Amino acid sequence: MTAHIAQTATTDGVPAPAPRVDSEVGPLRTVLLHRPGAELKRLTPRNNDQLLFDGVPWVDRAQEEHDAFAELLRGRGVEVLLLSDLLVDALHDDRARIAGIHSAVNERRLGIDLADALRSHLASISPDQLATALMTGMTFEELPAAEGASLVRKMHHPIDFAVDPLPNLLFTRDSSVWVGDRVAITSLALPARDRETALTDLIYAYHPRFRKTGRAYGAHSAPVEGGDVLLLAPGVLAIGVGERTTPAGAESFARSALADGLAHTVLAVPITQERATMHLDTVCTMVDRDAVVMYPAVRDNLFAFPVRSDGAGGVVVEDRRPFLEAAADAMGIERLRVIDTGLDPVTAEREQWDDGNNTLAVGPGLVVAYERNVETNARLEDAGVEVIRISGSELGSGRGGPRCMSCPIDRAPLV
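Computed from a predicted model, the values in this text were never measured in an experiment.

Reading the values: the criteria
- Residues numbered from 1 in each chain as written.
- Predicted model: local features only at pLDDT ≥ 70, side-chain atom pairs only at ≥ 80, totals over all residues.
- Heavy atoms only, no water.
- Pairing = 2+ DSSP bridges.
- Helix = DSSP H or I, 4+ residues; strand = E, 2+ residues; numbered from the N terminus.
- Axes fitted to C-alpha atoms, helices over the stretch in contact; angles between N-to-C directions.
- Contact = heavy atoms within 4.5 Å.
- Phe/Tyr/Trp six-rings, centres within 6.5 Å; stacked < 30°, edge-to-face > 60°.
- Buried < 20%, exposed > 50% of the residue type's maximum accessible area, 1.4 Å probe, protein only.
- Lys NZ or Arg CZ within 6 Å of the ring centre and 35° of its normal.
- Salt bridge = Lys/Arg side-chain N within 4 Å of Asp/Glu carboxyl O.
- Parallel < 35°, antiparallel > 145°, perpendicular 65-115°, else oblique.
- Left-handed = near helix turned anticlockwise from the far one by under 90°.
- Nonpolar A, V, L, I, M, F, W, Y, C, P; charged D, E, K, R; others polar.
- UniProt positions renumbered as here; feature names shortened; annotations may be inferred.

So, on to the sheet that holds strand E18 (residues 337–340). Backbone hydrogen bonds hold the strands of a sheet together, and the pairing may be parallel or antiparallel. Overall, mixed pairing links the three strands, which are arranged E13-E14-E18 in an open sheet. Two strands lie at the open edges of the sheet, namely strand E13 (284–288) and E18, each paired on one side alone. Averaged over neighbouring strand pairs, the angle between their axes works out to 35° when direction is ignored. Note: strand E14 (residues 291–294) against E18, four bridges, orientation parallel. By the bridge assignment for E18, Ala-291 is matched with Arg-337. The sheet contacts of helix H13 (residues 374–382) involve E13, E14 and E18, and relative to E18 the element is tilted by about 150°.

Before going further, it helps to spend a moment on the packing of aromatic side chains. Tallied over the full model, the rule gives three aromatic pairs. With centroids separated by 6.4 Å and ring planes inclined at 55°, the aromatic side chains of Trp-178 and Phe-210 adopt a geometry described as tilted. One end of the pair, Trp-178, is in strand E7 (residues 176–179); the other, Phe-210, is in the loop between helix H8 (196–206) and strand E9 (214–215), with 32 residues separating them in the sequence. On the accessibility criterion, Trp-178 (2% relative accessible area) is buried. For Phe-210, a relative accessible area of 0% gives the class buried. For the pair Tyr-204 and Phe-210, a centre-to-centre distance of 5.2 Å together with 70° between the ring planes defines the contact as edge-to-face. Residue Tyr-204 shares its accessibility class with Phe-210, and that shared class is buried. Positioned above the aromatic ring of Phe-303, the side-chain terminus of Arg-320 is 3.9 Å from the ring centre.

Moving on to the pattern of salt bridges. Scanning the model with the defined rule gives 25 salt bridges in all. Here Asp-67 ties to Arg-35 by a salt bridge, and the two come within 2.7 Å at their closest N and O atoms. Here Arg-35 lies in the loop between strand E3 (28–33) and helix H1 (59–75) and Asp-67 lies in helix H1, a separation of 32 residues in the sequence. When the shortest N-O distance is used, the salt bridge between Asp-116 and Arg-119 registers 2.8 Å.

Okay, the packing of helix H2 (residues 83–90) against helix H6 (residues 127–136) next. The geometry of H2 relative to H6 is characterised by a closest axis approach of 8 Å and an angle of 125° between their N-to-C directions. By the angle class used here, H2 and H6 are oblique. The two elements H2 and H6 meet at a crossing, and its hand is right-handed. Seen from H2, the contacting residues are Leu-83, Ser-84, Leu-87 and Val-88; seen from H6, they are Pro-127, Asp-128, Ala-131 and Met-135. Split into classes, the residues belonging to the contact of H2 with H6 amount to six nonpolar, one polar and one charged.

Judged by how many residues are buried, helix H11 (residues 323–331) sits mostly within the fold: seven of nine residues are covered. Burial in H11 covers these residues: Phe-323, Leu-324, Ala-326, Ala-327, Ala-328, Ala-330 and Met-331. Immediately beyond the C-terminal end of H11, within one or two residues, lies Gly-332, with a positive phi of roughly 75°.

Examined against the element boundaries, Leu-82 turns out to sit in strand E4 (residues 79–82). Residue Leu-82 is classed as buried on the basis of its relative accessible area, which comes to 19%. Between the C-alpha atoms of Leu-82 and His-34, which are 48 residues apart in sequence, the distance is 5.3 Å.

Burial along E14 is two-sided: the face carrying Ala-291 and Val-293 and the face carrying Val-292 and Met-294 are both buried. One ladder, built from four bridges, connects E13 with E14; its direction is antiparallel. Following the sheet pairing, Asp-288 is matched in E14 by Ala-291. From the end of E13 to the start of E14, which pair antiparallel, there are two residues.

A large share of H6 lies buried, amounting to seven of its 10 residues. For H6, every residue scored as buried is listed here: Pro-127, Leu-130, Ala-131, Ala-133, Leu-134, Met-135 and Thr-136. Against the buried residues of H6 lie H2, helix H3 (94–104), helix H5 (112–124), strand E5 (138–139), strand E6 (161–163) and H8. Count one or two residues on from H6 and you reach Gly-137, which has phi positive near 80°.

Following the sequence through the fold, Asp-290 ends up in the loop between E13 and E14. Through-space distance from the C-alpha of Asp-290 to that of Leu-232 is 8.7 Å; in sequence the pair is 58 residues apart. Not counting residues within four places of it along the chain, the set of residues in contact with Asp-290 comprises Ile-333, Arg-335, Leu-336 and Arg-337.

On to the UniProt feature "active site" (unreviewed entry) in the protein. UniProt marks Cys-404 with the feature "active site" (unreviewed entry), using the numbering shown here. Structurally, Cys-404 is set in the loop between strand E21 (386–390) and strand E22 (407–411). Given the relative accessible area of 3%, Cys-404 is considered buried. Not counting residues up to four positions away in its chain, the partners in contact with Cys-404 are Leu-170, Phe-171, Thr-172, Arg-173, Asp-281 and Asn-358.

The structure is reproduced here in structure tokens:
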């Protein structure tokens, strides 16, 4: 495993503080976002379900909403890194280009001749153009001209995808997770998101700022998605197990974190396997060092299996306990305060679906949330949590809130 260094260099040669994330609510210093781009324009009523969107977003408005989100964070002193910029920088390295092209070209689908022609084309274009192709995808009519007949071309519609677009790149939380001073490249469960981790991986491997960052967890061990990983406190992780993260993925992540000394307790938390609760952070997120916002329908039936090191290289998996009790015990606090989503069962269900639980903490007791979740935001403020409201009418069409759209890279320690 690559040793972590005290500082990493930015592209302009100025040393940047070594990234570290030990909690969900430590003051946010650096975050990774992805401004939605032309990949969202690939969504149609014919393919949006397959590409995991509930509708076809108004792209210009989604970009306006995202720009406002990014600017709000910058206004709070947060360094905002954009995935597309980092990808272009990384693709100046020939090894990154090879990795990116390899991830995009499916020889089994295209056949040897067409795959070779596409590889040659992608190898000949600029880093900017290559980054666009990797994120936006390519239709068969956009493929480079090739000599000779092609049955593959002939039997596909011109607007079919030869390289699939990646509209879910917007949700940077899922493909990588920082735990302590290391980054875990996750393994996304659904085919529509397969290639996202390949792009994230090459950014962390070849961008000058991150290439010497230590790694945690083997990305191909088993499915784990970042939306299921909560850093409840330094040394305490919760991992949701449901639609996207498997028991094997949670165990692999837990074993890695425990073995590397990144955690002393990992709570494996079963959640319902359905779209409304695809990740743990759709039903529960930290809003203060001792408080969570939680969907009340799961409050009393959310359990956890505590996993700890046995001191000899293995793990001990304890019997299940109520999640709130197990979390407070692992965090060393008397109890975890719970702020319910919504005001009544109907409002709670509506606001949970609209990402009312999916908040991004900018600091202890300071969160970003969608403005449309009026009741939940009011309950947060009644509990002493400051809420910074953002618009998300178009951003939310992929079922994700402020937390889903952000991957914290550096947070100040809690004091």
